[in-house]
Amino acid sequence: MRSRKEALIRSILLENYESYYRLAFSYVHREADAMDIVQEGAYKAMLKANSLQEESFASTWVYRVMINTAKNYLKKYNREYEVLQEENVTAKEDCIEIDLQSVVEKLPLEEKTLIILRFYEDKTLSEIAQILQENLSTVKSRLYRTLQKLRKELS
Amino acid sequence: MRKIVDYNENKAEKLAESQAFTELENGIEAAREAYQDIPVPEEMRRRMEEAIRRAKRERRAKIPVIVAAAVALLIILPNTGADVAYAMGNIPVVGKLFQAVTFRDYQYESERFDANVEVPQIIVEDIGGKEDVISGNEAGAQEEGQEHGDGTANGLDTLQQTVEQVNFDIEEVTNQLIEEFQRSADLGESYGSLEIHHETVTDNERYFTLKLSIYQGAGSGSESYKLYTIDKQSGQRVQIRDLFREGSGYHELISENIREQMRTAMAEDEMKVYWVDYEEVPEWNWQGLKDDQNFYFDHAGNLVVVFDEYEIAPGYMGAQEFTVDRSVFEGLLK
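These figures come from a predicted structure and were not determined experimentally.

Caption draft 1: View of the overall build of chain A. When you go through chain A residue by residue, the secondary structure sums to 8 helices and 0 strands. The linear arrangement of helices and strands in chain A, starting from the amino end, is α-α-α-α-α-α-α-α. Within chain A, the fraction of its 155 residues that count as buried is 55%. Look at the contacts in chain A between residues 6 or more apart in sequence, and 67% of them connect residues 24 or more apart.

Below, the structure written as structure tokens:
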């Protein structure tokens, strides 16, 4: 039973690692750090594979592990990243095409995560609710607020 | 074009929102493409496989511990040691003076929460006859009623106090972790796990060291350790700084030895990363031994320095141990 869960988590990890990497990268903007985060998240997920009871939650669970790992990483090295993020955003400012992207970049982490999961990764709202361990209506209203904010920023 | 407002079930609202947000759609589409163009380094896949291998290795390495029978909190037995200890809980006594037994066994399992906690207590058996025991009498029999005159009573008091303190500390630490775990398990939100195991890593003529391994997880987790070393001669708990003579320069010598080992390991294996000579962010670099750095002596008398996860390396490296050869520090010991 244990090895079956391990095999499941393993295949989810290997199938989706590029998504985890992009998510981590949009948090930290540095290849080496994004890779650290994803590798560590993968390790944790494998190690705790047997604590997962419901197999149908496996893929949202792995996402959650990755996001938590990234958050811990950021918490640990917070100051560096605030500076880094500033630089990154200003560097991209002159490019019109990435206008919305740069606005998304400036969003607080929680809101950025919502946009990424919903629109860049095509997750459904209930999947997002599972990943973030929030109830559906909270996710809905938060996403709605975030979109309003984006619209205001753009106009 | 992808709809960005399909999250709302209410049709009227949906229409209003879709008008309000239509102008966003182009922007989001472009941003989405840019996002998906973020290049993923080729190395990433190899590192995923490495992470998976490492986790599997570690899972296998976990040896199940047989839970000892319940034993009273602190037992300092009289000279009849062996028999009484046997009677109290089938603890094997093979000439050993110090033992760690599982005092509390806490297990929990639900859909999202699991805990496997073994709380040890240190038991000291027969102080008076300690030299006889150590001299290798395998049956653990001691010369009965033997009294060691000078200072033994004091040493016993000190040792008793030390053991009580250590046991108290272990209880405090583990109780707190269990309570935290229990609280979040009761709330039932998210996930959590707690694993605490113990191991006697040193038991020689001079030192007894109990190692407590703590894995605490909520989604992601962290590994940390607590090592308790008791000096059998003085009866006191010792920290790493207590081992060495004042002004011996042990701190720099041992720290540098470990840094050198980190450099070698990184040069040999590019997967390995330690916070040493890291010029981009010098503050991350390891600052050398802490005064209460976790340590123990291995069977050959080498010093093993134990680090928590994140302490000297990025998290994916896990917790780390470095062994410093006794020849490096022997001259500096007290």
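Caption draft 2: Just the environment of Asp33 of chain A, in detail. Residue and element names in this part refer to chain A. For Asp33, the location among the structural elements is in helix 2 (residues 31-47). According to the relative accessible area criterion, Asp33 is buried, its value standing at 2%. Along the chain, Asp33 and Ala70 lie 37 residues apart, while their C-alpha atoms are 9.3 Å from each other.

Caption draft 3: Structural context of the packing of aromatic side chains. Enumeration over the complete set of coordinates arrives at 18 aromatic pairs over all chains. Considering the side-chain rings of Tyr21 of chain A and Phe25 of chain A, the 6.0 Å spacing of their centres and the 25 degrees angle between planes classify their relative orientation as stacked. Of this pair, Tyr21 of chain A and Phe25 of chain A both sit in helix 1 (residues 2-28), separated by 4 residues, roughly a single helical turn. For Tyr21 of chain A, a relative accessible area of 0% translates into the label buried. For the pair Phe244 of chain B and Phe329 of chain B, a centre-to-centre distance of 6.1 Å together with 85 degrees between the ring planes defines the contact as edge-to-face. In this pair, Phe244 of chain B sits in the loop between strand 6 (220-231) and helix 6 (250-268) while Phe329 of chain B sits in helix 7 (residues 326-329), placing the two residues 85 residues apart along the sequence. For Phe244 of chain B, a relative accessible area of 2% gives the class buried. Cluster of aromatic residues (ring-pair linked, three or more members): Tyr207, Phe244, Tyr250, Phe295, Phe297 and Phe329 of chain B. For Arg54 of chain B, the ring lying beneath its charged end belongs to Tyr43 of chain A, and the centroid distance is 3.5 Å. Over the face of the ring belonging to Tyr225 of chain B we find Lys211 of chain B, whose NZ or CZ atom lies 4.6 Å from the ring centre.

Caption draft 4: Structural context of the sheet that holds strand 9 (residues 320-324) of chain B. All names here are of chain B. Pairing is antiparallel in the open sheet, where 3 strands are placed in the order 7-8-9. Edge positions in the open sheet fall to strand 7 (294-297) and strand 9, since each of these has one partner strand only. Mean inter-strand twist for the sheet, computed between neighbouring axes without regard to direction, equals 25 degrees. Two elements, strand 7 and strand 8 (residues 303-307), share 4 bridges in a ladder whose sense is antiparallel. From the neighbouring strand, Phe297 faces strand 8, where its bridge partner is Leu303. Packing of helix 6 onto the sheet brings it into contact with strand 8 and strand 9, and relative to strand 9 it is tilted by some 115 degrees.

Caption draft 5: How the structure looks around the pairing of strand 3 (residues 113-125) of chain B. All names here are of chain B. Burial analysis of strand 3 places 12 of its 13 residues in the buried class, the great majority of the element. Inspection of the sheet shows strand 2 (residues 98-109) paired to strand 3 by 11 bridges, in the antiparallel sense. Directly across from Gln99, in strand 3, lies its bridge partner Ile123. Counted along the chain from strand 2 to the antiparallel partner strand 3, the turn is 3 residues long. Pairing of strand 3 with strand 4 (residues 192-203) involves 5 bridges; the strand directions are parallel. When the bridges of strand 4 are listed, Val117 appears paired with Ile196.

Caption draft 6: Broad picture of the interface of chain B and chain A. At the junction of the two partners, chain B supplies 64 residues and chain A supplies 60 residues. Both faces considered, chain B and chain A share a buried interface measuring about 6100 Å² in area, 60% of it formed by carbon and sulfur atoms. At the junction of chain B and chain A, the tally comes to 4 salt bridges. When the shortest N-O distance is used, the salt bridge between Glu195 of chain B and Lys48 of chain A registers 3.3 Å. The set of elements that each furnish at least two residues to the side of chain B that touches chain A consists of helix 1 (11-36), helix 2 (43-61), strand 4, strand 5 (207-218) and strand 6 of chain B.

Caption draft 7: Molecular detail of the environment of Arg22 of chain A. All names here are of chain A. Along the chain, the position of Arg22 falls in helix 1. Using a relative accessible area of 14% as the deciding quantity, one classes Arg22 as buried. With 99 residues separating them along the chain, Arg22 and Glu121 place their C-alpha atoms 10.0 Å apart.

Caption draft 8: Looking closely at the pattern of salt bridges. Tallied over the entire structure, the rule returns 26 salt bridges over all chains. A salt bridge links Glu134 of chain A to Arg142 of chain A, with the shortest nitrogen-to-oxygen separation between them at 3.3 Å. A residue is classified by how much of its surface remains accessible, and Glu134 of chain A, at 31% relative accessible area, is partly exposed. According to the relative accessible area criterion, Arg142 of chain A is buried, its value standing at 17%. Across the salt bridge formed by Arg206 of chain B and Asp231 of chain B, the nearest N and O atoms sit 2.8 Å from each other. On the criterion of sequence distance, the pair formed by Arg206 of chain B in the loop between strand 4 and strand 5 and Asp231 of chain B in strand 6 is long-range, its members being 25 residues apart. Assessed through its relative accessible area of 4%, Asp231 of chain B is described here as buried. Each member of the salt-bridge network shares a partner with another, and the members are Glu252, Glu256, Arg259, Glu260, Arg263 and Asp277 of chain B.

The rules behind the values
Residues numbered from 1 in each chain as written. Chains lettered and ligands numbered in written order. Predicted model: local features only at pLDDT ≥ 70, side-chain atom pairs only at ≥ 80, totals over all residues. Heavy atoms only, no water. Helix = DSSP H or I, 4+ residues; strand = E, 2+ residues; numbered from the N terminus. Buried < 20%, exposed > 50% of the residue type's maximum accessible area, 1.4 Å probe, protein only. Contact = heavy atoms within 4.5 Å. Phe/Tyr/Trp six-rings, centres within 6.5 Å; stacked < 30°, edge-to-face > 60°. Lys NZ or Arg CZ within 6 Å of the ring centre and 35° of its normal. Pairing = 2+ DSSP bridges. Axes fitted to C-alpha atoms, helices over the stretch in contact; angles between N-to-C directions. Buried area = accessible area lost by both parts, 1.4 Å probe. Salt bridge = Lys/Arg side-chain N within 4 Å of Asp/Glu carboxyl O.

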